[in-house]
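# Structural overview
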Amino acid sequence: MWRSCQRLFYARPPQAPRLCLTPPVGGPSLSLPGTARTYTPPTERKRFYQNVSISQGEGGFEINLDHRKLKTPQAKLFTVPSEALAIAVATEWDSQQDTIKSYTMHLTTLCNTVLDNPSQRNKDQLIRAAVKFLETDTVCYRVEEPAGLVELQKNEWDPMIEWAEKRYNVEIGSSTSIMGPSIPARTKDTFTSHLASHNMWALQGIEYVITQLKSLILSMGLIDRHIPVEKAVQLSRLEEEYQIQQWGNVEWAHDYDLYELRARTAAGTLFAHLCSESSTVKHKLLQD
Amino acid sequence: MASLGSPLRTLRSLLRELRYVSAQAGRPYRDMAAYQHLREAFRAHRITSEKLCRAQHELHFQAATYLCLLRSVREHLALHQEYHAKGERSTEEAAGLVGLKLPQQPGGKGWDP
């Protein structure tokens, strides 16, 4: 039963909207039995549980839907290393109303991807895929016209590049050529070793954010808590925002994409942070 | 570049989002594990002896990110339900969009519909 929803439960590739109209076959010789064929969306699974709770097992924290334990699409037990992450996943499941909309459960999707690893990538492949994005990084890829957009890109994206160069002590630069900027090998090595310092869970989250924002620099800004999610999404969509200002906003396309990108980015960032933190509370006594 | 606003505002918005979630679950939001976890986390980080506490900023950033996640998922779902969820319109509805009505033909149309 989970296998039929396999496509919907993994974080890669980004899902296309579920509008697949099937055009009627043939022309006037068509003879449809009964009513005309209109497209109705496929029925979703109903919410079959009342309560969602978490419990701690040997491998980590588990999610319980009523008395059943949550499993991944490949039928492995769903365990997460962090309690806060488990609570967030439980909240996702709890917020499903009547039907289960798995495309809204981004944290669950990310956990499934890490646990099942359907594309079977190890840490090196993941890091290589992430650093490869630097060559076609959005904030480095500039246009030459229209002048308004060039100005906007300079004002908004240059500070990000400067911040990244200073923070990581590397050279990146920007380019208007179709080949993109030429990134020196030392820069790639620095980022590779920086990413290697994260564990596998956090790394999947980071790579997901990079894939969504199409930018390594913006994702680093998020991971280092330099910019909030809304700002990173706005910078990633700079050209779209420019066009919206020129030509107007279309709610069912622009806002729809904006909220989806924000949700995915926020999920990836939160996932990466929750999986890489370890918090301790040190109580100090008041001293007079 | 990170202007997250005040932590109080973030916390309040987070509680509001949790109330939306719990309204669908039907239970009071104070029972939710997420609510209690947030409350403890915010309380634990409230008093600190340092002026610029990195842990406070980290917690606030995490809270703001979670708020962004909850809010965006809710808005995305609302837009999806409104514009993309209902499937194709029937011929009657499509005609009704521009104020027309399909003709009633008591004898049938003469071919299969």
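Chain B is annotated in an unreviewed UniProt entry as Protein FMC1 homolog from Mauremys mutica. In the Function (unreviewed entry) part of its UniProt record, chain B is described as follows: "Plays a role in the assembly/stability of the mitochondrial membrane ATP synthase (F(1)F(0) ATP synthase or Complex V)." Under Sequence similarities (unreviewed entry), UniProt gives the following word-for-word description of chain B: "Belongs to the FMC1 family."

In the nomenclature of an unreviewed UniProt entry, chain A is known as ATP synthase mitochondrial F1 complex assembly factor 2 of Mauremys mutica. Its UniProt record gives chain A the following Sequence similarities (unreviewed entry) comment, quoted word for word: "Belongs to the ATP12 family."

Counting its regular elements, chain A contains 10 helices and four strands. Starting at the N terminus, the α and β elements of chain A follow one another as β-β-β-β-α-α-α-α-α-α-α-α-α-α. Each of the 288 residues in chain A was classed as buried or not, and the buried ones make up 48%. Entry remark: accessible area of chain A is about 15,100 Å², with carbon and sulfur atoms responsible for 52%.

Below, the discussion takes up the overall build of chain B. Scanning chain B from terminus to terminus reveals four helices and zero strands. Along chain B, helices and strands appear, N-terminal first, in the series α-α-α-α. When the backbone C-alpha atoms are referred to their principal axes, chain B occupies close to 85 × 35 × 20 Å. On chain B, the mean spot of the 17 positive side-chain charges and the mean spot of the 11 negative ones are 12 Å from each other.

Residue and element names in this part refer to chain A. Taking 1.5 Å of rise per residue, the 14 residues of helix H6 (residues 200-213) would be expected to cover 20 Å, and the 20 Å separating its terminal C-alpha atoms lies within 8% of that figure. Burial of H6 is extensive: 13 of the 14 residues sit out of reach of the surface. Backbone nitrogen of Trp 201 and a side-chain oxygen of the N-cap are separated by 3.2 Å at the start of H6; the cap is Asn 199. Positive phi shows up at Lys 214, right after H6, with a value of about 60°.

A few words on the interface of chain A and chain B. With 47 residues of chain A at the contact, the number on the chain B side is 39 residues. Note on chain A versus chain B: buried area summed over both sides is about 4,000 Å², and carbon and sulfur give 67% of it. On the chain A side of the contact with chain B, Arg 225, Tyr 256 and Tyr 259 of chain A bury the most area, a combined 17% of that side's loss. Our count for the chain A to chain B interface comes out at one salt bridge. As a salt-bridge pair, Arg 225 of chain A and Glu 58 of chain B come within 3.8 Å of each other at their nearest N and O atoms. For the side of chain A that touches chain B, the secondary structure elements donating two or more residues are helix H1 (83-94), helix H2 (106-116), helix H4 (147-168), helix H8 (229-236) and helix H10 (251-276) of chain A. With 14 residues, H10 of chain A is the single largest residue contributor to the side of chain A that touches chain B. Tallied by class, the residues present in the side of chain A that touches chain B amount to 23 nonpolar, 12 polar and 12 charged.

Moving on to the pairing of strand E1 (residues 52-56) of chain A. Residue and element names in this part refer to chain A. As paired strands, E1 and strand E2 (residues 61-65) are joined by five bridges and run antiparallel to one another. Paired with Val 52 across the bridge in E2 is Leu 65. If you look at the hairpin formed by E1 and E2, you'll find four residues sitting between the two strands, and Gly 60 has a positive phi there, around 150°.

We now examine the packing of aromatic side chains. The final tally for this structure, using the stated rule, is six aromatic pairs over all chains. Taking the centre distance of 6.4 Å and the plane angle of 85° together, the rings of Trp 163 of chain A and Tyr 168 of chain A count as edge-to-face. Residues Trp 163 of chain A and Tyr 168 of chain A agree in their burial class; the two are buried. Of the aromatic side chains, those joined through ring pairs into one cluster are Phe 48, Tyr 49 and Trp 93 of chain A. For Arg 167 of chain A, the ring lying beneath its charged end belongs to Tyr 168 of chain A, and the centroid distance is 4.6 Å. The aromatic ring of Tyr 29 of chain B is capped on one face by Arg 19 of chain B, whose charged end is 5.5 Å from the ring centroid.

Attention now goes to a positive patch on the surface. Residue and element names in this part refer to chain B. On the surface, a cluster of positive charge is contributed by Arg 16, Arg 19, Arg 30, Arg 39, Arg 43 and Arg 46. Put simply, the parts of the chain that give the positive patch at least two residues each are helix H1 (7-25) and helix H2 (33-44). Mapped onto the fold, Arg 30 is located in the loop between H1 and H2.

Time to look at a nonpolar patch on the surface. Residues and elements named next belong to chain A. Side chains of Tyr 141, Ile 178 and Met 179 sit close together on the surface and give an oily, nonpolar patch of about 370 Å² of accessible area. Here Tyr 141 is to be found in the loop between helix H3 (123-132) and H4. Residue classification places Tyr 141 among the partly exposed positions, given a relative accessible area of 30%.

Before going further, it helps to spend a moment on the environment of Cys 275 of chain A. All names here are of chain A. Examined against the element boundaries, Cys 275 turns out to sit in helix H10. The spacing of Cys 275 and Tyr 242 is 33 residues in sequence and 35 Å in space, taken between C-alpha atoms. Excluding anything up to four places from it in sequence, Cys 275 contacts Leu 85, Asn 199, Trp 201 and Ala 202.

What counts as what
Residues numbered from 1 in each chain as written. Chains lettered and ligands numbered in written order. Predicted model: local features only at pLDDT ≥ 70, side-chain atom pairs only at ≥ 80, totals over all residues. Heavy atoms only, no water. UniProt positions renumbered as here; feature names shortened; annotations may be inferred. Helix = DSSP H or I, 4+ residues; strand = E, 2+ residues; numbered from the N terminus. Buried < 20%, exposed > 50% of the residue type's maximum accessible area, 1.4 Å probe, protein only. Areas by Shrake-Rupley, 256 points an atom, 1.4 Å probe, with all protein chains shown as cover. Lys, Arg positive; Asp, Glu negative; His and termini not counted. Charge placed at Lys NZ, Arg CZ, Asp CG, Glu CD. Expected span 1.5 Å × (residues − 1). Polar contact = N/O pair within 3.5 Å; in protein donor to acceptor, adjacent residues only side chain to side chain. Contact = heavy atoms within 4.5 Å. Buried area = accessible area lost by both parts, 1.4 Å probe. Salt bridge = Lys/Arg side-chain N within 4 Å of Asp/Glu carboxyl O. Nonpolar A, V, L, I, M, F, W, Y, C, P; charged D, E, K, R; others polar. Pairing = 2+ DSSP bridges. Phe/Tyr/Trp six-rings, centres within 6.5 Å; stacked < 30°, edge-to-face > 60°. Lys NZ or Arg CZ within 6 Å of the ring centre and 35° of its normal. Patch = residues over 30% accessible without salt bridge, like charges linked within 9 Å, V, L, I, M, F, W, Y side chains within 5 Å.

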